[in-house]
Each structure stands twice: as structure tokens, then as C-alpha cells.
Amino acid sequence: MTDLVVVGAGLYGLTVAERCASQHGMNVLVVDRRPHIGGNAYSSVDPDTGIEVHEYGAHLFHTSHEGVWEYVNRFTSFTDYVHRVYTTHRGEVFPMPINLGTINQFFRSALSPDAARALVAEQASELGGRAPQNLDEQGVSLVGRPLYDAFIRGYTAKQWQTDPRDLPASIISRLPVRYNYDNRYFNDTYEGLPTQGYTAWFERMVDHPRIEVRLGEDFLTPPGQVTKSTTVGQVPVVFTGAVDRYFDDAVGALSWRTLDFERDVVSTGDFQGTAVMNYADTDVPFTRILEFRHFHPERDYPTDRSVIVREFSRFAGRDDEPYYPVNATTDRERLSAYRELARAERGVHFGGRLGTYQYLDMHMAIASALTNVDQVAALRV
Ligand code: FAD
Ligand code: NA
């Protein structure tokens, strides 16, 4: 007897399933349309190199949430990997996010923190107090024209495939500039990569006698044994797929950005010396190159080969993987209509990134699931 159906084996669904099985004694059936668990955090071993590759883009685990950190450590340990990002602009490599090292390299200067702060403040005053009318003006008002043009403008244009002058200012609310030489990417208390890889972590989460996993089944598209029409109203459901699709796009589709990945095996043991290299300029069509071996310097990877992935960004079409919510005005209007429909859908809980139309990092998806578990366990049809 199934007490709960969880649609989607991403971290939201896996956390709900694990908690409901182990804490509430429920029999949980997890279904996913993909052939694997883990959602977008899934990784696999590249057949040509043996290097672990994150299939849906680079995934770095980081959190300052004690409860989440304690919870994830039940299933995996984490390495001491510390994430750093660099960017290439006009044939020169700079550290990211913009910090005193970036500023002094860019201006060929040796400014102190206070002097750099004063320079950026002066350059950022270009608008003379006028409210930014678009993303371009917003960027200038945050970091000044020179740094914005070099490091933000081209990258943003590629991410959105749109001239930043035609994008709303609201896309960027702040651009962190560090007035010291700290180029550690995340500010969180804990960070690292799962020692045995992402898949081992996720497999341990569902390794419970009360959890059954069924892969390759789409809940919204028959045929399939576990679908919306056969399940909703019969058994409580946690739905972590796209909320608009659940309601057949009743008030219109929500818009997303997607990524295209181009994988290459190169015949060198080190292609770029770091895991993530951004490309800030528009004459390079991709936004960044990931070199996966650098996520696990502690592993014995081959020294004559490496696997790299070029990342391209664009608006998602109907059949593309939805990655980042666009969150335009029409999206926000539609989302509130879908939230109403979701509230009225008896016995169904909508959660996760797609179910709530919200970008969630892994730790946020887990925290949200841990918070909502009691509510899920109390679902009645
Ligand atoms: P998902 O992981 O998207 O899982 C949802 C699952 O539901 C999927 O497996 C999908 O196949 C399934 N599903 C959808 N519809 C149906 C259906 N109709 N029937 C059956 N199954 C269905 N987080 C970090 O912490 N650090 C990072 O560095 C990071 N990088 C990221 C990079 C990218 C490009 C993206 C997109 C996300 C990144 N994330 C990162 C976030 C992370 O991947 C997850 O989005 C997050 O953990 C939320 O998990 P989720 O369970 O809500 O959603
Ligand atoms: Na509901």
C-alpha cells in the first residue's frame, strides 16, 4: 500500500520521501520521468576519462544552515573543495567575483580598500541620482561604467541573449564588490563536494525499505502506471514538476531560461587550471567553460586527458529543460493564478524549484522540504 506518491526525484522530492518513510513510517513511491534520481544535481562518470561530470551544469554544495548540514552529512561526507571562479576578458584572466584583485589588475593600480571604494563610488555616480531605467543603467549605478562594461555587460547579454538596455533593472538588485583580496565564491559556513559523488549520496537517501523508486515515468503524460489521472484523489501526492504543466498551462506558460552543454574530451591533463572559467565578452558565444577534474583534486584522474563542457544560455522553448525562472511581470501574474489553483488541488502538495517557480539551490530545496514534511505527512485526499 502506497501512502504517498512523490513526483520528481530531485533533492526536494528525495528529502520529503526520506523523511516521510523514516520519520512517519509512510510507504513512499517516488517517480521521475528521467532515467536517474537526483534531479538537476545528478552526476555521472564520463566514459572516456572516468571523471565525474555534473550532467546539468556545475553543482557546488554550500550552506550556512546547521540543520541542513547535519541532515546531508547522514548520507555523505564532503570534501574540503573551495569554489573559486575566474573570468576571461579581452585575452586577460581576472578573479571573480569583482574584488580588490580584479580592480587593481583592471585599472593597473595598487589601490587600498578605501581608495578603491572611493573610485567605484565616483564611477557609479554617472546617473547623478536618476533611477536606473534598465539593466545597463542599473549595472553602472552599482559598480560604475568601466567594471560593468568589462565584467557584467557582455556576460549578462549572453545569459539573456538580449541587450542589457532592453532588460529590466530588476534582474540585478546588487553586484557584490569585495574591497579585499578574498575571491572565495561562496560566503557560507559549509561548502564542499560529496566525497563519493552526487549519485552515491542520493542512492543512500532512497536506500530505505519503505521507499520505492520508479524511473522513466512521466506523471503528466500517459502511458504510465503512476499518472495524475490515476493517482490524484486516490493517494496524497507531492508534485515537484512544473506547476504550469500540471494545470495544462491553464493561464499560460511560465517562462524559463535553459542551458546547452557542449562536452569535449581534450588531450591534456589540465585544460584551464581551474573548475570554472567565465567568458565575459560577447565575441565568445559561450558563457563559461567547466573543467570537471578540478572539483576533485584529491582523486586519481588520468593525467593525459580531461573533460570540459562549454555552457551556452538561452530562453527555453517548450521542450527544453527549464533551469532559471525568467520572472517577468506576466510570469508573476500567472504564478499567482497557479498558486490559487495549487491551493485548491486537494491532496496535492507543490514543492521544489519547478513546483514553486523559484530558483532554489540544493540546500534551499532541502531546507524547504524539511520545513514542509509535517504538512505533507498530514495530506489527505
Ligand atoms: P529538480 O532537481 O529540478 O528535480 C525535479 C525532478 O522532477 C526532475 O528530476 C524532473 O525530471 C522531475 N519531473 C519534472 N516533471 C515531471 C513529471 N511530469 N513526471 C515525473 N517527473 C518529473 N544548487 C546548488 O546548491 N549549487 C549549485 O551550484 C547549483 N547549480 C545549479 C546549476 C543549474 C544549471 C541548475 C538548473 C540548478 C543548480 N542548482 C544548484 C540547483 C539544483 O540543481 C536543484 O535545482 C535544486 O536542488 C532543487 O531541486 P528540486 O528537487 O526542486 O528540482
Ligand atoms: Na494543495
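Above this text sits the structure in question.
Attention in this report is confined to the structure presented alongside it. No experiment lies behind these values; they were computed from the predicted model shown.

**A short note on the overall build of the protein**
Looking only at helices and strands, the protein has 12 helices and 16 strands in total. By the compact-globule yardstick of 21 Å for 381 residues, the protein fits well, its C-alpha radius of gyration being 22 Å. Of all 381 residues assigned to the protein, the portion counted as buried reaches 54%. Summarising the internal contacts of the protein: among those between residues at least 6 apart in sequence, 72% fall at separations of at least 24. Here the protein has roughly 17,400 Å² of accessible surface; of this, 47% comes from carbon and sulfur atoms. With 37 positive and 50 negative side-chain charges, the protein shows a separation of 3 Å between the mean positions of the two kinds.

**Remarks on the pairing of strand E2 (residues 28–32)**
Counting buried residues in E2 gives five out of five residues, a clear majority hidden from the surface. Of the two faces of E2, the one holding Val28, Val30 and Asp32 and the one holding Leu29 and Val31 are both buried throughout. Both strand E1 (residues 4–7) and E2 contribute to a ladder of four bridges, which runs parallel. For Val6, the partnering residue across the bridge sits in E2 and is Val30. Since E1 and E2 lie parallel, the crossover through helix H1 (residues 11–24) that links them has a hand, and here it is right-handed. Of the pairings in the sheet, the one linking E2 to strand E9 (residues 211–215) comprises five bridges and is parallel in character. Note on E9: the bridge partner recorded for Val30 is Val213.

**Here we look at the coordination of the sodium ion (ligand 2)**
Bound to the sodium ion (ligand 2) are the protein donor atoms Ala342 (O), Glu345 (O) and Val348 (O), situated 2.4 to 2.8 Å from the metal. Written as a sequence motif, the donor arrangement for the sodium ion (ligand 2) is A-x2-E-x2-V. Assigned by exposure class, Ala342 and Val348 land together as buried.

**Considerations on the packing of aromatic side chains**
This structure, assessed with the given rule, holds 30 aromatic pairs. Taking 5.0 Å as the distance between ring centres and 35° as the angle between the ring planes, the aromatic pair formed by Trp69 and Phe78 counts as tilted. Residue class for Phe78 comes out buried when judged on its relative accessible area of 13%. Among the aromatic residues, those joined into a ring-pair cluster are Phe61, Trp69, Phe78, Tyr190, Tyr198, Trp201 and Phe202. One Lys or Arg, Arg34, reaches over the ring of Tyr56 and ends 4.0 Å from the middle of that ring. Against the face of Tyr246 rests Lys228, its NZ or CZ located 4.2 Å from the ring centre.

**Quick notes on the site of ligand 1**
Asp32, His59, Leu60, Arg353 and Met362 are the nearest of the 31 residues found near ligand 1. Contacts to ligand 1 include His59, whose side-chain N or O atom sits 2.5 Å from an oxygen atom. Calculation on ligand 1 without its partners gives an accessible area of 990 Å², and the protein chains cover 97% of this total. For the shell around ligand 1, the secondary-structure elements that each account for two or more residues are H1, helix H11 (352–356) and helix H12 (362–377).

**Some points on the packing of helix H5 (residues 135–143) against helix H6 (residues 145–160)**
Between H5 and H6, the shortest axis-to-axis distance is 9 Å and the interhelical angle comes to 140°. As far as their axial angle goes, H6 and H5 are oblique. The hand of the H5/H6 crossing is right-handed. Every residue of H6 that contacts H5 at Leu135, Asp136, Gly139, Val140 and Val143 is listed here: Arg145, Leu147, Tyr148, Arg153 and Thr156. Classifying every residue of the contact of H5 with H6 by side-chain character gives five nonpolar, two polar and three charged.

Conventions used here
Residues numbered from 1 in each chain as written. Chains lettered and ligands numbered in written order. Predicted model: local features only at pLDDT ≥ 70, side-chain atom pairs only at ≥ 80, totals over all residues. Heavy atoms only, no water. Helix = DSSP H or I, 4+ residues; strand = E, 2+ residues; numbered from the N terminus. Rg over C-alpha atoms; globule rule 2.2 N^0.38 Å. Buried < 20%, exposed > 50% of the residue type's maximum accessible area, 1.4 Å probe, protein only. Contact = heavy atoms within 4.5 Å. Areas by Shrake-Rupley, 256 points an atom, 1.4 Å probe, with all protein chains shown as cover. Lys, Arg positive; Asp, Glu negative; His and termini not counted. Charge placed at Lys NZ, Arg CZ, Asp CG, Glu CD. Pairing = 2+ DSSP bridges. Right-handed = clockwise from strand over helix to strand, strands pointing away. Donors = N, O, S within 2.8 Å, 3.2 Å for Na, K, Ca; no water. Phe/Tyr/Trp six-rings, centres within 6.5 Å; stacked < 30°, edge-to-face > 60°. Lys NZ or Arg CZ within 6 Å of the ring centre and 35° of its normal. Near = heavy atom within 4 Å. Polar contact = N/O pair within 3.5 Å; in protein donor to acceptor, adjacent residues only side chain to side chain. Axes fitted to C-alpha atoms, helices over the stretch in contact; angles between N-to-C directions. Parallel < 35°, antiparallel > 145°, perpendicular 65-115°, else oblique. Left-handed = near helix turned anticlockwise from the far one by under 90°. Nonpolar A, V, L, I, M, F, W, Y, C, P; charged D, E, K, R; others polar.

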